[in-house]
Amino acid sequence: MSKLSTAARRLVLGRPFRSDSMGHTLLPKRIALPVFASDAMSSVAYAPEEIFLVLSVAGLTAYSMTPWIGLAVAFVMLVVVASYRQNVHAYPSGGGDYEVVTTNLGPTAGLTVASALLVDYVLTVAVSMASAMSNIGSAVPFIAQHKVLFAVTAILLLMAMNLRGIRESGTAFAIPTYAFILGMFAMLGWGAFRIYVLGDPLQAESASFEMHAETDDVLGLAMVFLVARAFSSGCAALTGVEAISNGVPAFRKPKSRNAATTLLLLGGIAVTLLMGIILLAEKIGVQIVDDPATQLEGAPEGYRQKTLVAQLAETVFGSFHLGFVLITIVTALILVLAANTAFNGFPVLGSILAQDRYLPRQLHTRGDRLAFSNGILFLALAAIAFIVAFRAEVTALIQLYIVGVFVSFTLSQIGMVRHWTRLLRTETDEQVRARMTRSRVVNTVGFVCTGSVLIVVLVTKFVAGAWIAIVAMTALFVMMKLIHRHYDTVARELAEQEAENDGGVVLPSRNHAVVLVSKLHLPTMRALAYARATRPDMLEAITVSVDDAETRELVHKWEESDISVPLKVIASPYREITRPVLDYVKRIGKESPRTVVTVFIPEYVVGHWWEQVLHNQSALRLKGRLLFEPNVMVTSVPWQLNSSERLKKLAPQSAPGDARRGFLE
């Protein structure tokens with residue numbers, strides 16, 4: 001069964017990559033642009049449409065404000081791009097907003113940003129997929145009728161591609177992304193040429209219908225609120241900008257400069273496409289409404305409203321139907337692939353949070369293909385849940401969107417202002433000070449702009465659905481706080497007990513063998529003492545090297561300690577733990593067929609089911625494999641955490657930890 005599952009994994013994911021091949025996954029700018037910036041560029045497929053859709057509440061006359069709203073969105077985007085160019089130079093390690101905010105504003109603010117970004121990454125996948133199905137459904141009605149199924153299938157395919165590794169993902173995404181950019185510029189250029197050079201009176205199909213406003217009295221403050229809501233929906237075009245700052249380590253050297261250049265390319269392309277679509281749509285009279293059956297008089301029975309991009313392509317290319325089909329296809333593809341920005345950013349951020357002990361450590365390690373597999377799987381499942389819950393409706397999902405990203409934008413810019421202020425206090429070089437002052441001004445402008453947009457988004461979208469995203473962020477924040485508190489409690493508990501025992505461990509009974517070591521702490525010391533007490537013919541400790549830095553630190557601590565047991569380091573180029581240990585144990589058995597090998601595994605004894613998720617996962621997998629090996633005995637050496645005390649209520653006569661604490665004779 002194990003061989004069958006391994007073969008299936010190889011079929012889906014391909015052969016595993018060695019840890020020392022990590023450098024081969026780094027991306028040049030031409031690949032990094034579609035990998036990290038496809039979200040922000042593809043948002044021009046739905047952000048302008050949402051502006052028109054919101055303004056349709058007030059009727060056709062409100063469409064005259066679309067260019068001004070578009071200019072406001074474009075201005076904010078350029079400010080954010082300029083601000084994040086400062087970020088990637090100052091913090092090139094890949095932590096992005098989380099690292100910036102944590103370093104400058106403290107861990108609580110950093111965790112707020114992290115929870116906001118994690119939720120927004122999930123919604124990025126959901127919105128992109130829903131919009132993709134709507135666009136391709138404009139050309140293929142069958143897909144529009146079953147868009148939930150097709151959206152879920154697309155997410156699963158994208159998940160599989162990312163599980164195969166970033167290099168293959170980037171290559172697969174480059175062609176469709178560049179095809180979308182060229183296709184959109186071709187459509188906008190040809191449309192402008194026909195209108196302003198050839199003088200063709202282009203008119204969209206929906207322009208011939210008479211639009212009815214949902215309400216007749218949209219004046220004064222109501223109109224201001226409507227415009228503000230249209231602006232907040234249009235600001236969906238800014239999502240994805242922060243992904244580049246999170247993905248700086250994936251760029252080739254010089255990393256910061258390449259990331260900053262990619263940001264500049266992203267801003268220029270996205271702003272041009274955004275304004276081009278808005279101006280062309282207004283010129284040819286495109287009408288987008290929430291309910292075509294009631295708001296568009298003169299529409300034929302059974303009329304199915306096409307997306308904004310589809311209406312533009314159909315009008316511009318006219319009888320050249322292939323042009324309409326190609327634009328629809330590349331738009332759907334870029335929207336599907338835009339979710340890859342989240343599939344790159346979410347797992348990396350999850351890994352950093354796991355390393356900081358805010359998420360389970362399983363999210364910190366890379367899989368067979370050097371991708372953060374657990375993070376990718378979690379993201380895919382969460383996005384599918386949103387797609388199913390909201391039936392892949394872009395208008396419904398967009399109300400939950402961008403709250404998180406503007407929370408992170410705002411806190412990040414505040415953090416950068418404090419960063420430059422701190423450095424200016426000690427810097428004496430005038431040229432460097434001038435550069436820092438300029439950067440602080442850019443980030444200050446960014447903070448003012450993104451903070452203002454955040455207020456607008458919260459005011460205009462809270463009741464419409466943004467509260468769901470805020471609740472999700474709050475729940476995630478609390479969960480990560482609790483996980484961090486648990487890990488801190490365990491570390492503090494071990495430190496206190498080590499101090500009480502002066503670093504020593506009470507000698508248990510006796511036995512034989514190989515002691516598995518992950519860290520040099522009290523559970524390991526107890527396992528060594530127990531193994532020594534069994535009076536084995538040979539006693540050795542082994543550790544599997546899955547991280548060179550951590551292994552070197554362990555070996556250094558081991559050599560400085562007074563432990564007489566030798567520590568052997570087993571190399572694991574594919575970051576596996578179970579297989580190297582199995583091979584080592586088998587080798588001992590082959591060299592001495594009559595020897596019984598006893599493997600001592602330190603384990604935590606916990607009192608809550610959820611603690612088991614955070615501990616002992618590698619030990620459980622290893623024990624499950626070792627038990628099937630002949631002449632191999634497995635001994636768990638328990639270390640009772642304080643939480644196990646609760647089990648006394650279930651067994652009052654004794655509880656885990658009583659023997660260690662001296663309560664039992």
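Scoring rules and cut-offs
- Residues numbered from 1 in each chain as written.
- Predicted model: local features only at pLDDT ≥ 70, side-chain atom pairs only at ≥ 80, totals over all residues.
- Heavy atoms only, no water.
- Axes fitted to C-alpha atoms, helices over the stretch in contact; angles between N-to-C directions.
- Helix = DSSP H or I, 4+ residues; strand = E, 2+ residues; numbered from the N terminus.
- Parallel < 35°, antiparallel > 145°, perpendicular 65-115°, else oblique.
- Left-handed = near helix turned anticlockwise from the far one by under 90°.
- Contact = heavy atoms within 4.5 Å.
- Nonpolar A, V, L, I, M, F, W, Y, C, P; charged D, E, K, R; others polar.
- Core = buried A, V, L, I, M, F, W, Y, C linked by side-chain atoms within 4.5 Å.
- Buried < 20%, exposed > 50% of the residue type's maximum accessible area, 1.4 Å probe, protein only.
- Pairing = 2+ DSSP bridges.

Draft legend 1. How the structure looks around the packing of helix α5 (residues 96-105) against helix α6 (residues 107-139). Across the interface, α5 lies against α6 with an axial gap of 7 Å and an inter-helix angle of 160°. With respect to α6, the element α5 is oriented roughly antiparallel. Considering how the two elements wind past one another, α5 and α6 form a crossing that is right-handed. Of the residues in α6, those in contact with Asp97, Tyr98, Val101, Thr102 and Leu105 of α5 are Pro107, Ala109, Gly110, Leu111, Val113, Ala114 and Leu117. A per-class count over the contact of α5 with α6 returns 9 nonpolar, 2 polar and 1 charged.

Draft legend 2. Fine view of the nonpolar core. In this structure, Met129, Phe343, Leu353 and Ile387 are the most contacted members of the largest nonpolar core, which totals 153 residues. It is α6 that provides the largest number of residues to this core, a total of 18 residues. Excluding residues that lie within four positions of it along the chain, methionine 129 makes contacts with Ala151, Ala154, Ile155, Leu158, Leu335, Val336, Ala339 and Ile387.

Draft legend 3. Inspection of the side chain of histidine 419 at higher detail. Tracing the backbone shows histidine 419 in helix α18 (residues 403-424). If sequence neighbours within four positions are ignored, histidine 419 has contacts with Ala90, Tyr91 and Asn104.

Draft legend 4. Up close: unusual backbone geometry. Unlike most non-glycine residues, arginine 357 shows phi in positive territory, near 70°. In this structure, arginine 357 sits in the loop between α15 (321-355) and α16 (373-389). Positive phi values are uncommon outside glycine, yet alanine 392 reaches one of about 55°. Take alanine 392: its relative accessible area is 0%, and that puts it in the buried class.

Draft legend 5. Layout of α5. Taken as a whole, α5 has its buried residues at Gly96, Asp97, Tyr98, Val100, Val101 and Asn104. Positive phi appears at glycine 106, one or two residues downstream of α5, with a value of about 105°.

Draft legend 6. Just the environment of glycine 59, in detail. Within the secondary structure layout, glycine 59 lies in the loop between α3 (47-55) and α4 (66-90). In this structure, the C-alpha to C-alpha distance between glycine 59 and methionine 211, residues 152 residues apart in sequence, is 6.4 Å.

Draft legend 7. Structural detail: the sheet that holds strand β6 (residues 597-605). Read across the sheet, 5 strands follow the order β5-β4-β3-β6-β7 without closing on themselves; strand pairing throughout is parallel. One side of each edge strand has no neighbouring strand; the edge strands of this open sheet are β5 (567-571) and β7 (632-640). Strand after strand, the sheet turns through a mean of 30° between neighbouring axes, direction not considered. For strand β3 (residues 513-516) and strand β4 (residues 539-545), the ladder comprises 4 bridges, and the chain directions are parallel. Bridged to leucine 516 within β4 is isoleucine 542. Here helix α20 (residues 522-533) sits on the sheet and contacts β3, β4, β6 and β7; the angle it forms with β7, its principal contact strand, is near 135°. Packing of helix α21 (residues 548-560) onto the sheet brings it into contact with β4 and β5, and relative to β5 it is tilted by some 170°.

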